[in-house]
Structures are given as structure tokens and as C-alpha cells.
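# Summary of structural features
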Amino acid sequence: MRVIRPVAITEAELISSSVPEDEYPAYNPAADYIVGYSVIYEHVTYESVQTPNVGHTPGASPLYWAVKGPTNRWLMFDNEVSSQTEADESIVATIAPGLVDSLALLNLQGVLVNVRVTDGPGGAELYNHDYPLDGSEVFDWYQYFYQPFIEIHQIVLTDLPLYGSAHITATLTGGGIVKVGSMIAGTAFYLGEMELGVSVGMISFSKKDTDPITGSTKFIKRKNSKRMSGQFMLDNFALDNVYRILAELDAVPSVWLGTDAAGYELLKFFGFFRDFSTVIAYPTKSLCSFEIEALI
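So, here is what we can say about the structure in this document. (Residues numbered from 1 in each chain as written. Predicted model: local features only at pLDDT ≥ 70, side-chain atom pairs only at ≥ 80, totals over all residues. Heavy atoms only, no water.)

### Overview of the packing of aromatic side chains
For the structure shown, the criterion picks out 10 aromatic pairs. Relative to Phe276, the ring of Phe232 lies with its centre 6.4 Å away and its plane at 25°, an arrangement referred to as stacked. Of the two residues, Phe232 sits in strand E17 (residues 224-235) while Phe276 sits in strand E19 (residues 268-279), which places them 44 residues apart along the sequence. Of the aromatic side chains, those joined through ring pairs into one cluster are Tyr27, Tyr33, Tyr37, Tyr41 and Trp65. (Phe/Tyr/Trp six-rings, centres within 6.5 Å; stacked < 30°, edge-to-face > 60°. Helix = DSSP H or I, 4+ residues; strand = E, 2+ residues; numbered from the N terminus.)

In C-alpha cells, the structure reads:
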């Protein structure tokens, strides 16, 4: 079991993005904004909530501006996997996160992901791989011709070259609208060997309303959150280090990898740990229990 602690991506780390930041005009301190008018200020979209509204800086004037959220370009760098950056045909983003060895691309919609790493801008190429987002499994001719396309929605890499000057470029392409929920770079820490018996579940926030007179039922679809709990074994000499890592990750959203084995994408997600405990079960081994909740 491993955990990837993410590096915060700010203006300094985002080298370039093919996604324009033009869904609304930039904030103009000399303009008088009417109620309902939206602007962009420091990569965040705000909506005017009262007028006259002149010279009231968004972010510093909550009585005049309501936060709508990050711009389309920056949605892939917030802490919500369900909020997606989207564009026509392709999204290309280059980041310089420092010394990292892992990259996670979550809640994807597209056909192909390419990840390229160079030693600085225009430097030597260190890594270049394509990752098709086709998860279809074909076992006979009928499936070959008629099985629908099954899309893979996440890519997690833990083998990036460790270069402090690395520039990581992720390119998502497709035949129409493509989307990225999260682009997360960080360092992977090994926690221990996952034991059999891991439990994965889901909590739905959808709502069901039944009319007491007619008996008709309506559903209001909302988001759902994944849960994972289980145990992993580790050497006793590593116990203090694992405890320190998890203490540092308290309330820090991270990427959790239950296993690297193929076919277990369900055990890889972005979230935070709710509970951790350990039993020093053997002279050289400890058994750790955990519960992790995914962010939505």
C-alpha cells in the first residue's frame, strides 16, 4: 500500500495550459457591475450580488461578490475530483512541481493520455509514454465487433524520473469534449503490504422523495463518496516512519494506492484517512488497520 502526497499547483508551478481562461471577462476596478454579472479575478470566478459595485475587489469584498469557483483552467488543480476542466479535442498542461516521482490523472474523459517529462523547458526528454483509456476486454469475435467502448477514468503513475527541474506535460486527447477532474503530482510513500480482506464501499448523497398522498417516488441524483478499509503489514522498524507520514497527512487530501496489481483500479483514489491504528502483532511485524474516505 502506498500514498502519494500531492504538491500544491499554483501560478508558479503551472508552466502552461492549452485551456483558455476566458469564460468571463477579467475584473476591472473602474467598472460598475450589475447584479448577476460574473468576472474572473486571480483564477477564480465571482458573481456580483449587489449594485452599485465599483472598486470592490473580489475576494476581499464578500458583501459584493459571491464565489462561483475556480476558472475552467484551474478546476483540475482544486481538491474536488468531480469538478472537471474541459475543452474541445485536447487538454495540454505542463507543470514544474519540483522533485516528485508520481502523477495521478483522475476523473478523465477522453481516448488517450500522453505523459512526457523533460529536464527543464526544452531540455532532454526523460519520459514519454502513451496510456490509452480503453478498458474493454475482448475474448471473442462477437465482443470485438459489438462490445461498447469501456472508458478508463484514471491514470496513476509512480515511476516518473526524479529530477528537481522536471517539467511534466500531460496531454489528453479525444474525439469531442475531453475532461480532467484532477492532475496531481507528488511523492509516493510505501506504507506496507496490503492484506486480503480489504473492504470497498460507497455512500450515496442522492435523495429519494416519496409523495405521502400519491405514493410516487422521485430521485434527486447527487454525488457519492467511496470508502476503503482494511489492513496492511509492515516491518516494526518502519512503524515510526509510517506513523510520522500519516500524521503529516492528517487533513491533507492525497492519492491512496491499495495495490499496484492490474485490475484493481477500485483501490486507487483521492481522499483522506479517517482512522489508523496498529497492533504490534509479531516480534518483527506490525498489523495496521485503516479507513480512507474519497473526496468528491
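### Observations concerning unusual backbone geometry
Put simply, Thr51 and Pro52 share a cis peptide bond, and its omega is 0°. Among the structural elements, Pro52 can be located in the loop between strand E4 (44-48) and strand E5 (65-70). At Glu89, a position not held by glycine, the phi torsion is positive, near 75°. What makes Glu89 partly exposed here is its relative accessible area of 43%. (Buried < 20%, exposed > 50% of the residue type's maximum accessible area, 1.4 Å probe, protein only.)

### Topic: the pattern of salt bridges
One pass over the structure, following the stated rule, counts 9 salt bridges. Residue Glu21 pairs with Arg73 through a salt bridge whose shortest N-O separation is 3.9 Å. Of this pair, Glu21 sits in the loop between strand E2 (14-17) and strand E3 (38-41) while Arg73 sits in the loop between E5 and strand E6 (85-95), and the two are 52 residues apart along the sequence. Judged by relative accessible area, Glu21 falls into the partly exposed class, the value being 22%. For Glu125, the salt bridge identified is with Arg116, shortest N-O distance 2.7 Å. (Salt bridge = Lys/Arg side-chain N within 4 Å of Asp/Glu carboxyl O.)

### Observations concerning the sheet that holds E4
Read across the sheet, 3 strands follow the order E3-E4-E5 without closing on themselves; strand pairing throughout is antiparallel. In this open sheet, the two strands that pair with only one neighbour each are E3 and E5. Recorded for the sheet is a direction-independent mean angle of 30° between the axes of neighbouring strands. (Pairing = 2+ DSSP bridges. Axes fitted to C-alpha atoms, helices over the stretch in contact; angles between N-to-C directions.)

### Remarks on the side chain of Arg2
For Arg2, the location among the structural elements is in strand E1 (residues 2-6). Given a relative accessible area of 19%, Arg2 falls into the buried group. A polar side-chain atom of Arg2 sits 3.3 Å from a polar atom in the side chain of Thr158. (Polar contact = N/O pair within 3.5 Å; in protein donor to acceptor, adjacent residues only side chain to side chain.)

### Examining the nonpolar core
By size, the foremost hydrophobic cluster in this structure holds 31 residues, and its most contacted members are Val115 and Met183. Going through the elements one at a time, E6, strand E7 (102-106), strand E8 (112-119), strand E9 (125-132), strand E10 (155-157), strand E11 (166-180) and strand E12 (182-190) are the ones with two or more residues in this core. Excluding its chain neighbours within four sequence positions, the residues that come into contact with Met183 are Met76, Phe77, Ala93, Ile95, Leu103, Ala104, Leu105, Ile168 and Ala170. By size, the runner-up hydrophobic cluster in this structure holds 21 residues, among which are Met1, Val242, Trp256 and Phe273. (Core = buried A, V, L, I, M, F, W, Y, C linked by side-chain atoms within 4.5 Å. Contact = heavy atoms within 4.5 Å.)

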